Amino acid sequence: MFREGQLVRIKSAAEIMSYPKAPDGGWNVGHTYFNPSMLFYCGGYATISGYRGNNRYELASAFGIPGGELIRRWDWDEEMLEPAFKVGTRVRIKDWENAHRDALAFVSSMRHLCGRYATIERIVGNNIGLKDWSNTEGDLAWRYSIDMVEPIMPITVSVDFDGTITKSAEHGQEGFNVLRENCKESMDYLSKRGVSFYLLTARQEYLAEAIDLCKEWDLPICTGNPTVKKITNWYIEDRAVGVSDVNWVEIKNFFTAEIKKQRGE
């Protein structure tokens, strides 16, 4: 069980979509129905703000995703969540002001550690052991606590439907309702590793069809409000991220490298 005030991570879309499908859409996760609208929060972080019984929680203060003020409206099953900090989690040492404010034991002699990345090796209460540092210069032999570290944010990506997810960019053309090669496999792989996808299309005339196709193809992508360009880290369209055409193997490799950079690996 989680405790009130605990920071948790909402599982990735690919992880949620591995659960049994519900008859009316969505997925049955633990004791709770996961509405497709909740995919918006996948990969993000939130604080446990209450217990609603039957392994269900209320969440608040969502971050790491492009918005999240409505997160309280949903019931979140324990199986939809995981601790933000656990053995094997890659973390970042907070900036000096935040580390010193949140953990009095973070003294000025530790200031050189700020901004570095490490992996949690053990957890004993609020104390943690760290290994695999991104930078091993200087003294690392300190006592560390969860208050000194912060989670690594997900990479958020808006994805055009026409010509990016589909083989053809024009509605009615051959290939418009055909999924691009390696699209799903690449999305699933990246979703499980910290990339959150959001559908984007301004074409009202085939909006419903685009959403239905994403669901039919089981893409780990949030289809809520697809006509609103969200504040995301990246935007994929034809000729995006330095490729000559939409090639999902190249896109997968590109974001795999970005993930490693973001984690200080």
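Predicted model, so just to flag it, every value in this text is computed and none were measured.

If you trace the backbone, Thr-166 turns up in the loop between helix 3 (161-165) and helix 4 (183-192). A polar contact of 2.9 Å, which involves the side chain of Thr-166, links it to the backbone nitrogen of Gly-163. When residues no more than four places from it in sequence are discounted, the contact partners of Thr-166 are Phe-161, Gly-175, Phe-176, Val-178, Arg-180 and Trp-217.

Any two side chains of opposite charge can pair if their charged atoms end up close together. Applying the stated criterion to the full structure yields 15 salt bridges. Close ionic contact of Asp-218 with Lys-21 constitutes a salt bridge, the shortest N to O distance being 2.8 Å. Of this pair, Asp-218 sits in the loop between helix 5 (207-216) and strand 15 (221-222) while Lys-21 sits in the loop between helix 1 (13-16) and strand 2 (27-29), and the two are 197 residues apart along the sequence. Asp-218 gets classed as partly exposed once you look at its relative accessible area, which sits at 25%.

Before going further, it helps to examine the packing of helix 4 against helix 6 (residues 248-262). Between helix 4 and helix 6, the least distance of the axes is 9 Å, while the angle of their chain directions is 10 degrees. Compared by their axis directions, helix 4 and helix 6 come out roughly parallel. Where helix 4 abuts helix 6, its residues Cys-183, Ser-186, Met-187, Tyr-189 and Leu-190 lie against Trp-248, Val-249, Ile-251, Lys-252, Phe-255, Thr-256 and Ile-259.

Reading across the sheet, the four strands line up as 15-14-13-16 and stay open at both edges, with parallel pairing between neighbours. Each of the sheet's edge strands pairs with one partner strand only, and the pair in question is strand 15 and strand 16 (234-236). Sheet topology note: the strand 13 (residues 155-160)/strand 16 ladder contains three bridges and is parallel. Looking at strand 16, one finds that Val-157 is bridged to Trp-234. Taken strand by strand, helix 4 contacts strand 13, strand 14 (195-200) and strand 15, and its axis lies near 130 degrees from that of strand 14.

Glancing now at the packing of aromatic side chains. Within the structure shown, the criterion is met by 15 aromatic pairs. Here the aromatic rings of Trp-234 and Phe-255 are separated by 5.8 Å at their centres, their planes lie at 85 degrees, and the arrangement is edge-to-face. Here the residue Trp-234 occupies a position in strand 16, and Phe-255 occupies one in helix 6, the gap between them amounting to 21 residues. Taking the relative accessible area as the measure of exposure, Trp-234 reaches 28% and is therefore partly exposed. One residue, Arg-193, lies across the ring of Tyr-189, its end atom 3.7 Å from the ring centre. Over the ring of Tyr-189 we find Lys-252, and its NZ or CZ is 4.2 Å from the ring centre.

A separate point is the pairing of strand 1 (residues 7-10). Note: strand 1 against strand 4 (residues 45-53), three bridges, orientation antiparallel. Within the sheet, the bridge partner assigned to Val-8 lies in strand 4 and is Ala-46. With three bridges connecting them, strand 1 and strand 7 (residues 81-83) associate as antiparallel partners. When the bridges of strand 7 are listed, Ile-10 appears paired with Leu-81.

Next up on the list: helix 5. Inspection of helix 5 places Leu-207, Ala-210, Ile-211, Leu-213 and Cys-214 among the buried residues, and these make up the whole buried set. Looking straight down helix 5, one finds its buried side chains confined to an arc of 160 degrees; they lie on one side. Counted as exposed and oriented over 90 degrees from the buried face of helix 5: Ala-208 and Glu-216. In this structure, the buried residues of helix 5 make contact with helix 3, strand 14 and strand 15. Asp-218 lies just past helix 5 and shows a positive phi near 55 degrees.

Along the chain, the position of Ile-128 falls in strand 10 (residues 127-131). Owing to a relative accessible area of 6%, Ile-128 belongs among the buried residues under this scheme. Once the C-alpha coordinates of Ile-128 and Lys-261 are considered, the two residues, 133 residues apart in sequence, prove to be 23 Å apart.

Its identity is not glycine, yet Asn-54 carries a phi of approximately 55 degrees, on the positive side. Summarising the element assignment, Asn-54 is placed in the loop between strand 4 and strand 5 (56-63). Judged by relative accessible area, Asn-54 falls into the partly exposed class, the value being 44%. Notably, Asp-218 is not glycine yet its phi reads approximately 55 degrees, a positive angle.

What counts and what doesn't
Residues numbered from 1 in each chain as written. Predicted model: local features only at pLDDT ≥ 70, side-chain atom pairs only at ≥ 80, totals over all residues. Heavy atoms only, no water. Helix = DSSP H or I, 4+ residues; strand = E, 2+ residues; numbered from the N terminus. Polar contact = N/O pair within 3.5 Å; in protein donor to acceptor, adjacent residues only side chain to side chain. Contact = heavy atoms within 4.5 Å. Salt bridge = Lys/Arg side-chain N within 4 Å of Asp/Glu carboxyl O. Buried < 20%, exposed > 50% of the residue type's maximum accessible area, 1.4 Å probe, protein only. Axes fitted to C-alpha atoms, helices over the stretch in contact; angles between N-to-C directions. Parallel < 35°, antiparallel > 145°, perpendicular 65-115°, else oblique. Pairing = 2+ DSSP bridges. Phe/Tyr/Trp six-rings, centres within 6.5 Å; stacked < 30°, edge-to-face > 60°. Lys NZ or Arg CZ within 6 Å of the ring centre and 35° of its normal. Arc of directions from axis to C-beta.

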